[in-house]
Structure formats: structure tokens, C-alpha cells
Amino acid sequence: MAEIWPNEGLDLVIANAGYATTGVSPVNQFLALFTTFTASTVGTSASVAASYSDPTGGGYARQTISSASWGAIASTTSGRISTCAQVSFLQATGSYSAAVNGFFVGNSLTVGKTYFAANFDDVTAVTINTNDQIKVTPSVIFGG
Amino acid sequence: MKIGVGLPDLTVKGHPELELPNAADNPVTITVCCECGKLRTVLWLLGDRWYCSSCKATGETRPTLIPLN
């Protein structure tokens, strides 16, 4: 049996999910960092937002991603991709509570629900100390 | 945990960037590592330049003083 999500179908799904400039909902998503799991692993499909612990201390705060921040949908070898404008976190005023293993995008500034989670593409944990500042580039790929 | 407020992304004039086209004629400009030029999901600000984790680590071990005879 064959099945396929053609590009135009994927593009509709991506836009309707809010991951493209042509999408309208949700208006805002929220970018968070997580310290659980490892630099090369994330939660399972049964994991919930509470499974991804945000770091504490150092002035850490989740950041807002508006729907307008998502770019145009393009092709990769893995499927259709949409890349978000980069998001800078506040310069740390102290050390974070633990090393950061990746980031996740959720629907709330507090716990909420998780849309997706990912490690950093260099699969290296990030240790944030005083005065460190990072920026993160979220992207999503939907494969057919 | 503090509640975040959306911050305008920090940009550095003259820094290497990658422009991703947008159907709405509003391209997304992505800052890349100033040393290797790669697009990475996480970049570090050192001084007035953004570095990927690899180049940041390399740079920390690089000599910073001119040797004297």
C-alpha cells in the first residue's frame, strides 16, 4: 500500500499549524530551553510539557515567537521546512541551574503543552554562566 | 521561573547572515557563525560576534597575545 503527503498538502498543514507566515493560528508560540534528557535525546511521544524542565536562575525566561516570525516553506531532503527568525535569550545574570540539552516550542509562557522539542544540531549540551547569551533558531520539517 | 517578554532579536551590523526567502516578500534573516559561516540552532555572543559552540570552544584555546622575543 502506498501513501503520500504531497508538498501542497504538507504546506497546508504547516500553515494551519502556525509554522508559516501564511498561517494565522496560533498567534504566539513560546520558545523554552530544557535541561532534562540528554544532548542527543528528547522525550517520547507520551512526554508532556512538564517532562521538559526549564532551567532556573540566571534570569532565564521563555521567549515569545509570533506567527509572523516563521518564514516561507521550502524543501529539504527530509520534507518541507519552515525556519523561524532567531530568538535571543536574555544575557544571563548568573549560572543556569543545569546544562541545557535543547529547546522546545510550546503554547504557554508557563507549563502549557509542547508542540515539539529538539536537541541543538551539534548535539552538545550548553552550559550557561554569568553574562553568557545565546540565540536559538527553531525550524520544523514535515515529511510526506 | 520568570515570565518572558518577546525581545527583538539582536543583530550586529556587518555580521555574516543568511537570508531565507519568504513568499510574503518579508525574508527571514538568520545570523550565522562569524567564523565557520554555518547556520546552527544555537549561537553564542562573544563580544560583538556570534559563534557556534564548536568555534566558541576553539576560540577559547586560541592564543590571544603576541609572543615576545
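Being a predicted model, the structure only gives us computed values, none of them experimental.

Draft legend 1. Here's a closer look at the overall build of chain A. Scanning chain A for helices and strands turns up 1 helix and 9 strands. For chain A, the α and β elements follow one another from N to C terminus as α-β-β-β-β-β-β-β-β-β. Relative to the 2.2 N^0.38 estimate, which gives 15 Å for 144 residues, the radius of gyration of chain A is 16 Å and therefore close to what a compact globule would have. Projected onto its principal axes, the C-alpha positions of chain A cover 50 × 30 × 25 Å. Looking at the 144 residues of chain A, the share that counts as buried comes to 48%.

Draft legend 2. Unusual backbone geometry, seen in detail. All names here are of chain A. Even without glycine at this site, Phe37 takes up a positive phi of about 60°. Residue position: Phe37 is located in the loop between β1 (28–34) and β2 (63–66). Taking the relative accessible area as the measure of exposure, Phe37 reaches 32% and is therefore partly exposed. Notably, Val123 is not glycine yet its phi reads approximately 40°, a positive angle. Looking at where Val123 falls in the secondary structure, it is placed in the loop between β7 (114–119) and β8 (134–136).

Draft legend 3. Region of interest: the confidence of the model for chain B. All names here are of chain B. For chain B, per-residue confidence averages 72 on the pLDDT scale, and residues scoring 70 or more make up 58% of the total. Per-element mean pLDDT across chain B ranges from 79 in helix α1 (residues 53–60) up to 90 in strand β3 (residues 42–46). Confidence estimates for the predicted assembly give a pTM of 0.80 and an ipTM of 0.78.

Reading the values: rules and limits
Sequence order as written defines the numbering, with residues in each chain counted from 1. Ligands are numbered from 1 and chains lettered from A, in the order in which they are written. The predicted origin of the model limits local features to residues at a pLDDT of at least 70 and limits the giving and counting of side-chain atom pairs to 80 or more, whereas totals for whole chains, interfaces and linings rest on all residues. The basis for the side-chain values is all heavy atoms of the structure; hydrogens and waters are excluded. Secondary structure follows DSSP: runs of H or I at least 4 residues long count as helices, runs of E at least 2 residues long count as strands, and numbering of each begins at the N terminus. Computation of the radius of gyration draws on C-alpha atoms alone. For the globule rule, the value is 2.2 Å times the number of residues to the power 0.38. Buried means the residue's accessible area, taken with a 1.4 Å probe over protein chains only, is under 20% of the maximum for its type, while exposed means over 50%, and partly exposed covers the values in between. The quantity known as pLDDT measures the predictor's confidence residue by residue, on a range of 0 to 100.

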